[in-house]
Amino acid sequence: MSDSPGCPLTDVAVAYLPRLAEVASEPGLAAAVDQHAAAVCDALVPAQRGPEGRTVRREELADYVLGFTDGLSEAEWTEPAGHDFVTLRLTAVCRLIQEHDLLDA
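Chemist: Sorry if this is basic, but what is going on with the overall build of the protein chain here?
Modeler: A count of helical and extended segments in the protein chain gives four helices and two strands. Moving toward the C terminus, one meets the helices and strands of the protein chain in the order α-α-β-β-α-α. Among the 105 residues that make up the protein chain, the fraction classed as buried is 39%. For the protein chain, restricting intrachain contacts to residue pairs at least 6 apart in sequence, the fraction spanning at least 24 positions comes to 68%.

Chemist: Got a minute to help me understand the packing of helix α1 (residues 8–24) against helix α4 (residues 85–99) in this structure?
Modeler: In a packed pair of helices, the relevant descriptors are the angle between the two axes and the axis-to-axis distance. Contact pair α1 / α4: the axes reach a minimum separation of 8 Å and the direction vectors enclose 100 degrees. Classified by the angle their axes make, α1 and α4 are roughly perpendicular. Contacts between α1 and α4 pair L9, V12, A13, Y16, L17, R19, L20 and V23 from the former with T87, L90, T91, V93, C94, R95, I97 and Q98 from the latter. Split into classes, the residues belonging to the contact of α1 with α4 amount to eleven nonpolar, three polar and two charged.

Chemist: Teacher, can you tell me more about the packing of aromatic side chains here?
Modeler: How two aromatic rings sit relative to each other is given by the distance of their centres and the angle of their planes. Across all of its chains, the model carries one aromatic pair by this definition. Note on Y64 and F68: the rings are 6.0 Å apart at their centroids and 10 degrees apart in plane angle, and the pair reads as stacked. In this pair, Y64 and F68 are both assigned in helix α3 (residues 58–74), four residues apart and thus about one turn of the helix distant. Residue classification places F68 among the buried positions, given a relative accessible area of 16%.

Chemist: What exactly am I supposed to notice about the pattern of salt bridges here?
Modeler: It is possible for side chains bearing opposite charge to pair when their charged atoms get close. All chains considered together, the criterion is met by three salt bridges. A salt bridge links D34 to R95; the nearest nitrogen and oxygen atoms lie 2.3 Å apart. Remark: R95 occurs in helix α4 and D34 occurs in helix α2 (residues 27–43); sequence separation between them is 61 residues. For D34, a relative accessible area of 43% corresponds to the partly exposed category. A residue is classified by how much of its surface remains accessible, and R95, at 16% relative accessible area, is buried.

About the criteria used
Residues numbered from 1 in each chain as written. Predicted model: local features only at pLDDT ≥ 70, side-chain atom pairs only at ≥ 80, totals over all residues. Heavy atoms only, no water. Helix = DSSP H or I, 4+ residues; strand = E, 2+ residues; numbered from the N terminus. Buried < 20%, exposed > 50% of the residue type's maximum accessible area, 1.4 Å probe, protein only. Contact = heavy atoms within 4.5 Å. Axes fitted to C-alpha atoms, helices over the stretch in contact; angles between N-to-C directions. Parallel < 35°, antiparallel > 145°, perpendicular 65-115°, else oblique. Nonpolar A, V, L, I, M, F, W, Y, C, P; charged D, E, K, R; others polar. Phe/Tyr/Trp six-rings, centres within 6.5 Å; stacked < 30°, edge-to-face > 60°. Salt bridge = Lys/Arg side-chain N within 4 Å of Asp/Glu carboxyl O.

Written out as structure tokens, the structure reads:
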């Protein structure tokens, strides 16, 4: 992940948004990304629920991404060729970014 001073969601979107197209054609991967997106939503505090479901706020998701990617840096994680827990989680973050228009916020 980059050390840019901007929003961490931008970095994740640049790196992992293309993976959404990859998983769309693979039902098993799409389901895994859905499960990861739900887990990320559950991890965000405080839970904000509106009439249409959970509201994901940019600041909360950015804080989550910062903590997650800091842990990856400490573990010296490197991206594999396929899909692992980390790539699925970051792809799920991209799905949330898209669904909630968080880059336009």
